[in-house]
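Spelled out, the chains give:
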Amino acid sequence: MARFAVFASLSLVLFLSACGPSRSKEMKNAETYIQVNELGKAKELLDLEIQTNPKNAEAYVMLAKVFLLGGDPISARASFDKALLLDTSTKSEISKTYFEAAQGLAEKKGTEAPGEIISAYLQQAATLDPNMKGKIVDWAIKRAKAASAADKTTGPVALLQAAAKAAPDMSDKTADALMDISKTYLEKQFMREAAVYAMEAGQESASKLNAAIQSGLDDGALLRKLCIADDPHKKPTRRFAE
């Protein structure tokens with residue numbers, strides 16, 4: 001029995017070693033501070049970790065995330081470059097970090113992050129890891145629909161625009177989401193907001209908007225009139241097939 005216990009303990013040690021070294025206290029605490037948006041405290045701990053272990057690529061990635069959440073993409077890029085020099089396999093983790101930073105900024109309560117920053121982060125995430133495109137679009141659609149259902153707003157348009165830029169090959173999917181919100185607002189008689197969503201859907205995919213117009217004569221005609229009224233300087237043929 002004692003021999004079995006010794007063998008089991010040795011196996012556990014070997015397993016943990018194979019999984020790589022455990023995170024330091026500084027790394028664990030820094031991650032906690034990032035989660036509660038205590039970015040200054042997180043940076044202090046990560047600076048300390050890097051001084052102690054300058055070859056810790058993960059620490060540089062986490063430090064970059066602190067910079068991204070703080071709106072400093074230049075410093076973040078420098079930290080990412082250091083992480084890549086230490087470990088080229090961190091590329092996918094960097095993509096994930098850009099995506100998580102965009103999510104953090106978009107979901108941050110009490111402040112409204114500039115849309116261009118969120119858009120830039122999402123584009124970086126998709127460029128570094130094209131497999132991230134589906135996750136980006138799905139998250140943006142889910143968030144946009146939740147936000148538009150909770151309040152009468154056109155704010156989610158910017159987020160869906162950002163997702164479409166990050167994943168242009170999935171523009172039909174973002175256009176569908178825009179049309180879904182437009183139709184919901186139309187049913188609620190939120191005419192101006194419905195027109196904004198419909199117009200953006202036409203920008204993303206003219207065929208989607210044309211299909212929506214042709215699918216129901218009453219709603220379709222109303223959408224068409226609303227879009228033209230909302231932007232009278234634009235020719236309708238630019239967004240709608242005659």
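Here the structure is a predicted model, which is why all the values come from computation and not from measurement. (Residues numbered from 1 in each chain as written. Predicted model: local features only at pLDDT ≥ 70, side-chain atom pairs only at ≥ 80, totals over all residues. Heavy atoms only, no water.)

Turning our eyes to something else, we now look at the packing of helix 10 (residues 171-187) against helix 11 (residues 191-204). Each pair of packed helices can be described by the angle between their axes along with the distance between the axes. Close contact between helix 10 and helix 11 brings their axes to 8 Å; oriented N to C, the two are set at 165°. In this view, helix 10 runs roughly antiparallel relative to helix 11, as classed from their interaxial angle. Along this stretch, helix 10 crosses helix 11, giving a crossing that reads as left-handed. Here Ser171, Thr174, Ala175, Leu178, Met179, Ile181, Ser182, Tyr185 and Leu186 of helix 10 lie close against helix 11, whose contacting residues are Met191, Glu193, Ala194, Tyr197, Ala198, Glu200, Ala201 and Glu204. A per-class count over the contact of helix 10 with helix 11 returns eleven nonpolar, three polar and three charged. (Axes fitted to C-alpha atoms, helices over the stretch in contact; angles between N-to-C directions. Helix = DSSP H or I, 4+ residues; strand = E, 2+ residues; numbered from the N terminus. Parallel < 35°, antiparallel > 145°, perpendicular 65-115°, else oblique. Left-handed = near helix turned anticlockwise from the far one by under 90°. Contact = heavy atoms within 4.5 Å. Nonpolar A, V, L, I, M, F, W, Y, C, P; charged D, E, K, R; others polar.)

Before going further, it helps to spend a moment on unusual backbone geometry. The backbone of asparagine 37 shows a phi angle near 65°, a positive value even though the residue is not glycine. For asparagine 37, the position within the fold is in the loop between helix 2 (25-35) and helix 3 (39-52).

To continue, consider the pattern of salt bridges. Inspection of every chain in the model, using the stated rule, returns nine salt bridges. Linking glutamate 100 and lysine 65 is a salt bridge whose minimum nitrogen-to-oxygen distance equals 2.8 Å. Taken as a pair, glutamate 100 in helix 6 (residues 91-106) and lysine 65 in helix 4 (residues 57-69) lie far apart in primary sequence, 35 residues in all. The exposure class of lysine 65 is buried, given its relative accessible area of 18%. Here glutamate 100 and lysine 96 are joined by a salt bridge, their closest N and O atoms 4.0 Å apart. With glutamate 100 and lysine 96 both in helix 6 and four residues apart, this pair spans about one turn of that helix. One salt-bridge network, in which partners are shared between bridges, spans Arg23, Glu31 and Glu58. (Salt bridge = Lys/Arg side-chain N within 4 Å of Asp/Glu carboxyl O. Buried < 20%, exposed > 50% of the residue type's maximum accessible area, 1.4 Å probe, protein only.)

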